[in-house]
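What follows is the residue order along each chain.
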Amino acid sequence: RCVQETGINAEYMGKKSKKYNGRLYIMRGIKILPLTTSDPPDPYLIIKHGKNEINDQEKTQQRGTIDPEFYQRYEFLNMKLPGSNTLRIEVWNEVFGSDELIGATEIDVENRYFNRRWSQCYFKPIEYRSLRPEFSTVTVGRLEMLFELFEGKPQKPFEIGPQKQQEFELRVIVWETKEVAYKDEAERCNDLFARGGIRAKSDSFQETDTHWRCRAKGSFNWRWKFRINLPVKPDDFGMDEFMVQLWDRDVAASNDMIGEVKIDLNSHKILQKAFKRQVAVKMKKLIKEKDNSETDKIWFDCYHPEIVDAEGKQISQGKVLMSFEIMPLEEAEKIQNGSGRDLSLIHISEPTRLLSISYAVFCLKKKKQ
């Protein structure tokens, strides 16, 4: 707000030029996209002030990312104000043959000097400045930065750097299913089980037990536990998404996927809240039909990518009722519980299933089919 609101600082009008010291912090780039390739760039910074240029490729270059983390500080001494002073921050991409300019942004230091609102801010605000190519108004990303101006001796700089990741435990409960499409049309049932995990870590997916010959409502009451590092880095695609799949088990052949759903773990900002508050946070939803009361048991529709209606829209293949809770690992170790339905401080009761079938009968049924 201090940067956006203008207003001439009359106190400085008509005064002779003085020497000031500027300090620029550049934290990170956000969705920086090169114009000549679809591959993620190898970005680095070049800073220009008047005839001076700082080519900071050695310190700032990162490989193959649209969200680079720079975390660099630059000092500019003896800037005469009032007077023309412009800082130009350029983001370049290393390419074979000749590096290319992705985009740039400029800070008019004299404008800041005369800006009453900005000069009166004791703590200067973090800015998100758009990057634009030469002779273009197209935005090709943003830079997160902060600029300070001092008359006389500068204040002690503060340390900047990426947030350190911390290990958390994600606890997921699969309660039940309903309205699940039958894969065994003749028997009108499924040998139903659920499979799920953090989308970016498919090798760590877990399964529930199997509800044999499930017809109407599938019942599981099954707990999964996963480790996740927070905050999620911008390049960690899929680390903030949870994948759930419903399957029909087949011992004699391959299992049939019924449907799946990707769940945004940032829903209701549970990841941010857990990291910031360092406490356990549950995903909750308002129930409009019940006077907007909250529940931590949420229904999710599952879809099969190949099953669509006449208009090409996906058709729900079933619903799964789930709960999500995330907590710091230290707290999780104090409030221990088991996976599945293992006995623990927080016990999950046995599911209610209308019909049980032995493994032998199950195999016989498959053999006859």
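Overview of the structure.

**Thoughts on the environment of Leu-321**
Here is step 1: Locating Leu-321 in the fold gives a position in strand β20 (residues 314-328).
Here is step 2: Classification of Leu-321 by relative accessible area gives buried; the value is 9%.
Here is step 3: Separated by 145 residues in the primary sequence, Leu-321 and Glu-176 have C-alpha atoms spaced 5.3 Å apart.
Here is step 4: Those residues in contact with Leu-321, other than ones at most four positions away along the chain, are Ile-173, Val-174, Trp-175, Glu-176, Lys-297, Ile-298 and Trp-299.

**Quick notes on the layout of surface pockets**
In this approach, a probe sized like a water molecule rolls over the atoms, and the result shows the empty space that is left.
Here is step 1: Counted as a void, the largest pocket has a volume near 620 Å³.
Here is step 2: Gln-163, Pro-231, Val-232, Lys-233 and Pro-234 are, among the 22 residues lining the largest pocket, the residues nearest its centre.
Here is step 3: Among the elements of the structure, β4 (69-81) and α4 (270-277) are those that each provide at least two residues to the lining of the largest pocket.
Here is step 4: At three residues, α4 tops the list of elements feeding residues into the lining of the largest pocket.
Here is step 5: Here the lining of the largest pocket is built from residues that sort into ten nonpolar, five polar and seven charged.

**Notes on the side chain of Ser-323**
Here is step 1: Note on placement: Ser-323 falls in strand β20.
Here is step 2: We classify Ser-323 as buried; its relative accessible area is 10%.
Here is step 3: Of note is the side chain of Ser-323, whose polar atom sits 2.8 Å from the side chain of Trp-175.
Here is step 4: Filtering out sequence-adjacent residues up to four positions away, Ser-323 remains in contact with Arg-171, Val-172, Ile-173, Trp-175, Asp-296 and Lys-297.

**Here's the deal with the sheet that holds strand β7 (residues 127-130)**
Here is step 1: Pairing within the open sheet is antiparallel, and its four strands lie in the order β4-β1-β8-β7. The open sheet terminates on both sides in strands that have one partner only, identified here as β4 and β7. Mean inter-strand twist for the sheet, computed between neighbouring axes without regard to direction, equals 30°.
Here is step 2: Sheet analysis places β7 next to strand β8 (residues 142-151), joined by four bridges and oriented antiparallel.

**Observations concerning the nonpolar core**
Here is step 1: Counting residues in each nonpolar core, the largest one holds 36 residues, and the members touching the most others are Leu-170, Phe-242, Met-322 and Phe-324.
Here is step 2: Within the residue set of this core, elements represented by two or more residues are β9 (166-178), β10 (190-198), β13 (218-230), β14 (241-248), β15 (256-264), α4, β19 (298-308) and β20.
Here is step 3: Per-element tally for this core: the top contributor is β13, with six residues.
Here is step 4: When residues no more than four places from it in sequence are discounted, the contact partners of Phe-324 are Leu-170, Arg-171, Val-172, Phe-242, Ile-263, Leu-265, Val-281, Lys-282, Met-283 and Phe-300.
Here is step 5: Grouped together as the second largest cluster of nonpolar side chains are 26 residues, Ile-47, Leu-87, Ile-102 and Val-109 included.

**Side note on the pattern of salt bridges**
Here is step 1: According to the stated counting rule, one finds 23 salt bridges in the structure shown.
Here is step 2: The salt bridge involving Glu-90 is made with Arg-88; its shortest N-O contact spans 2.5 Å.
Here is step 3: A salt bridge links Glu-187 to Arg-213; the shortest N-O distance between them is 2.9 Å. Taken together, the positions of Glu-187 in the loop between β9 and β10 and Arg-213 in strand β12 (residues 211-214) put the pair 26 residues apart, joining distant regions of the chain.
Here is step 4: Members of the salt-bridge network, linked through shared partners, are Lys-48, Arg-88, Glu-90, Glu-106 and Glu-134.

Definitions and cut-offs
- Per chain, the residues get numbers from 1 upward, laid out in the order the sequence is written.
- pLDDT decides what is reported in this predicted model: residues at 70 or higher carry local features, side-chain atom pairs at 80 or more are listed and counted, and totals for whole chains, interfaces and linings draw on all residues regardless.
- Calculated side-chain values reflect all of the structure's heavy atoms, with hydrogen atoms and water omitted.
- Strands here are runs of E lasting at least two residues and helices are runs of H or I lasting at least four, both read from the DSSP assignment and numbered beginning at the N terminus.
- Between buried and exposed lies partly exposed: a residue is buried under 20% and exposed over 50% of the maximum accessible area for its type, with that area taken using a 1.4 Å probe on protein chains only.
- Residues are treated as being in contact if the distance between any of their heavy atoms lies within 4.5 Å.
- A pocket, in this scheme, is an open set of points on a 1 Å grid over the protein atoms alone with protein on both sides within 12 Å along at least 5 of 7 lines, while a cavity is a set where a 1.4 Å probe fits but cannot get out; residues line either one if an atom lies within 4 Å of a point.
- Grid points are joined across faces, edges and corners, and a volume is the space filled by probe spheres set on the points.
- Amino acid classes used here: Ala, Val, Leu, Ile, Met, Phe, Trp, Tyr, Cys and Pro are nonpolar; Asp, Glu, Lys and Arg are charged; the rest, including Gly, are polar.
- The definition of a polar contact used here is a pair of N or O atoms within 3.5 Å, where within protein one atom must be able to donate a hydrogen and the other to accept one, and adjacent residues in sequence count solely through side-chain atom pairs.
- The rule for pairing is simple: two strands pair if DSSP sees at least two bridges between them.
- Axes, fitted as lines to C-alpha atoms, cover a helix only where it is in contact. Angles between the N-to-C directions of the axes lie from 0 to 180 degrees.
- In this text, buried Ala, Val, Leu, Ile, Met, Phe, Trp, Tyr and Cys residues form a nonpolar core when linked through side-chain atoms within 4.5 Å.
- In what follows, salt bridge is the name for a side-chain nitrogen of Lys or Arg lying within 4 Å of a carboxyl oxygen of Asp or Glu.

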